[in-house]
2 protein chains.
Amino acid sequence: MLNIGEVARRGGVSVETLRYYEREGLVEVAGRNANGYRRYGDDAVRQIRFIKHAQEVGFTLKDIKELLSLKADPGASCCDVRGRAEEKIREMEAKIAVLERMRSILADWAAACPDTGPVSRCPILDALENEMDERRGGMSCLPPGRGA
Amino acid sequence: MLNIGEVARRGGVSVETLRYYEREGLVEVAGRNANGYRRYGDDAVRQIRFIKHAQEVGFTLKDIKELLSLKADPGASCCDVRGRAEEKIREMEAKIAVLERMRSILADWAAACPDTGPVSRCPILDALENEMDERRGGMSCLPPGRGA
DNA sequence: CTAACCCCTAAAGTATACTTCAGGGTCAAG
DNA sequence: CTTGACCCTGAAGTATACTTTAGGGGTTAG
Ligand SMILES: [Zn+2]
Ligand SMILES: [Zn+2]
Ligand SMILES: [Zn+2]
Ligand SMILES: [Zn+2]
């Protein structure tokens, strides 16, 4: 049985984070001692590392809560877990696609910018000022059905 | 001179967003009428579209405030603007790299998961429970100098 | 005994970009 | 004169994952 500080040290998180995880239902406390101090079993440290590893690959705490439920549920199947992973992969691919598109547009603009002279003739600012909504599709900032 | 509602419609944002932009110093009001209603010049709509376009390519409102300052500053050079764009490109590349790394790890795990059977033998949960910190480098969740 | 260090709670703050709420004037039409 | 659409302010709420603050008790070494 460990105090919160020791669990925090071994898990690589702060005690505040541990209390936060407890509030959020991610880590359970085994019990309390006479002073009201939290006592943790050693599975707590494993649990915290699970959480941190899951965060490292992109799961949110909400996701992780679900993963922990699956892990604890003897009726759950491997398939459920893989489903979560695949969903997360799709989310990431969507985010990557958005970022790639933005990066590519910015890169084009940066290439067009002469890098000298006044801002009044900067093609980047021009591009931002004028329409570019049809470019590559799906970047509309205007209300639908209203041309310029 | 336009009321806030008309500017919102033409700009494709809500009136609350406009008031928010005003508080944040992104859009100036030309004046007020006798009732205290905001009156906007028609450059306001252009300004809002600038903001929206800049967001579409990944600039934050903070970035955009700087871009607007540069745009308004006759002493600023094109170079400054390009600098912001290139910095943003680097930020995006960093984010993309992180996402790619996470995606690739998850994809490997998902491929290893048999997708049948109980969660107790799921390689994804196994991977999350056990160490994977040395994999691909730089994913440590542990405090430095503390092995297992 | 007291400093240093551990623990406790509840609430508020952080960052971002807004939205929603509460409460209340203004204006044109019918 | 009322209805509905519009405008105003200031404050709080949203989502995420924590951190910080405020205020206070417990334990141990010197
Ligand atoms: Zn599995
Ligand atoms: Zn646009
Ligand atoms: Zn330029
Ligand atoms: Zn790790």
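Note that the structure is predicted; figures quoted are calculated from it, not measured. (Residues numbered from 1 in each chain as written. Chains lettered and ligands numbered in written order. Predicted model: local features only at pLDDT ≥ 70, side-chain atom pairs only at ≥ 80, totals over all residues. Heavy atoms only, no water.)

Caption draft 1: Structural view of the protein's contact with DNA strand D. Neighbouring DNA strand D are 20 residues; Thr17 and Gln55 of chain A together with Gly5, Arg19 and Arg38 of chain B lie closest to it. Backbone atoms, meaning sugar plus phosphate, form 77% of the atoms of DNA strand D positioned within 4 Å of the protein. A distance of 3.2 Å separates a base nitrogen of DNA strand D from a polar side-chain atom of Tyr37 of chain A. In this structure, a phosphate oxygen belonging to DNA strand D sits 3.0 Å away from a side-chain N or O atom of Arg32 of chain B. Among the elements that make up the surface near DNA strand D, the one with the highest residue count is helix 2 (residues 15–23) of chain A (five residues). In the surface near DNA strand D, the residues fall into six nonpolar, eight polar and six charged. (Near = heavy atom within 4 Å. Polar contact = N/O pair within 3.5 Å; in protein donor to acceptor, adjacent residues only side chain to side chain. Helix = DSSP H or I, 4+ residues; strand = E, 2+ residues; numbered from the N terminus. Nonpolar A, V, L, I, M, F, W, Y, C, P; charged D, E, K, R; others polar.)

Caption draft 2: Molecular detail of the domain arrangement of chain A. Residues and elements named next belong to chain A. Taken domain by domain, chain A comprises domain 1 (4–72) and domain 2 (78–136). Distance from the C-alpha centre of domain 1 to the C-alpha centre of domain 2: 37 Å. Opposite the eight residues of domain 1 that make contact, domain 2 presents six residues. Carbon and sulfur atoms supply 67% of the area that domain 1 and domain 2 bury against each other, a total of about 540 Å² over both sides. In this structure, the connection of domain 1 to domain 2 is made through two salt bridges. Here Lys88 and Asp63 are joined by a salt bridge, their closest N and O atoms 2.6 Å apart. Where domain 1 touches domain 2, the interface holds two residue pairs in polar contact (both at pLDDT 80 or more). Looking at the side of domain 1 that touches domain 2, its residues break down into four nonpolar, two polar and two charged. (Domains from an automatic or database assignment. Contact = heavy atoms within 4.5 Å. Buried area = accessible area lost by both parts, 1.4 Å probe. Salt bridge = Lys/Arg side-chain N within 4 Å of Asp/Glu carboxyl O.)

Caption draft 3: View of the nonpolar core. Of all hydrophobic cores here, the largest spans 86 residues; its most connected members are Ile64 and Leu128 of chain A. Among all residues touching Leu128 of chain A, those that are not within four sequence positions of it are Trp109 of chain A together with Arg49, Phe50, His53, Ala54, Val57 and Leu67 of chain B. (Core = buried A, V, L, I, M, F, W, Y, C linked by side-chain atoms within 4.5 Å. Buried < 20%, exposed > 50% of the residue type's maximum accessible area, 1.4 Å probe, protein only.)

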